Amino acid sequence: MAGSSIMTLRVDPALLTALKEKAAREGRSVSAEVVRLIKRDVEPARHQRAKRTSTMGMFADFEAPTLEEFKRMRRGFSSRASATRARRRSG
């Protein structure tokens, strides 16, 4: 990372172990994971997200997308499906 500074940090061994495991799961180095976590909490949010609506029944632990998020995802799926159909017809 160009133009970065070195910081020494004292961390509880159990926390360091958990951090190493998380970094491995995410495919990052421990240093990159620490930087990502700090940025997430320090940098201002790029945009405010609407509060998600909880679902009910067997999906109670899942969060439903907002209507705008759903519309955006649906448009993306539709355009990719249309492009795939067009390629199959021309090929």
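Residues numbered from 1 in each chain as written. Predicted model: local features only at pLDDT ≥ 70, side-chain atom pairs only at ≥ 80, totals over all residues. Heavy atoms only, no water.

Novice: Describe a nonpolar patch on the surface, listing the residues and the values that go with them.
Specialist: Nonpolar side chains collect at one region of the surface, where Met7, Leu9, Val11, Leu15, Leu16, Ile38 and Val42 lie side by side and expose about 650 Å² of accessible area between them. Of all elements in the fold, only α1 (13-26) and α2 (30-42) reach the threshold of two or more residues within the nonpolar patch. Looking at the secondary structure, you find valine 11 in the segment before α1. (Patch = residues over 30% accessible without salt bridge, like charges linked within 9 Å, V, L, I, M, F, W, Y side chains within 5 Å. Areas by Shrake-Rupley, 256 points an atom, 1.4 Å probe, with all protein chains shown as cover. Salt bridge = Lys/Arg side-chain N within 4 Å of Asp/Glu carboxyl O. Helix = DSSP H or I, 4+ residues; strand = E, 2+ residues; numbered from the N terminus.)

Novice: Quick one: what's the story with the packing of α1 against α2, residue by residue and with numbers?
Specialist: The interhelical angle for the contact between α1 and α2, taken along N-to-C directions, is 95°, at an axis separation of 9 Å. As summarised for this structure, α1 and α2 are arranged roughly perpendicular, according to the angle between their axes. For the pair formed by α1 and α2, the contact residues are Leu19, Lys20, Lys22, Ala23 and Glu26 on the first element and Val30, Glu33, Val34, Arg36 and Leu37 on the second. Residue classes in the contact of α1 with α2 are distributed as five nonpolar, no polar and five charged. (Axes fitted to C-alpha atoms, helices over the stretch in contact; angles between N-to-C directions. Parallel < 35°, antiparallel > 145°, perpendicular 65-115°, else oblique. Contact = heavy atoms within 4.5 Å. Nonpolar A, V, L, I, M, F, W, Y, C, P; charged D, E, K, R; others polar.)

Novice: How would you sum up the side chain of glutamate 33? Please name residues and give values.
Specialist: Position of glutamate 33 relative to the elements: it lies in helix α2. Once you skip the residues sitting within four places of it in the chain, glutamate 33 turns out to touch Leu19, Lys22, Ala23, Glu26 and Arg28.

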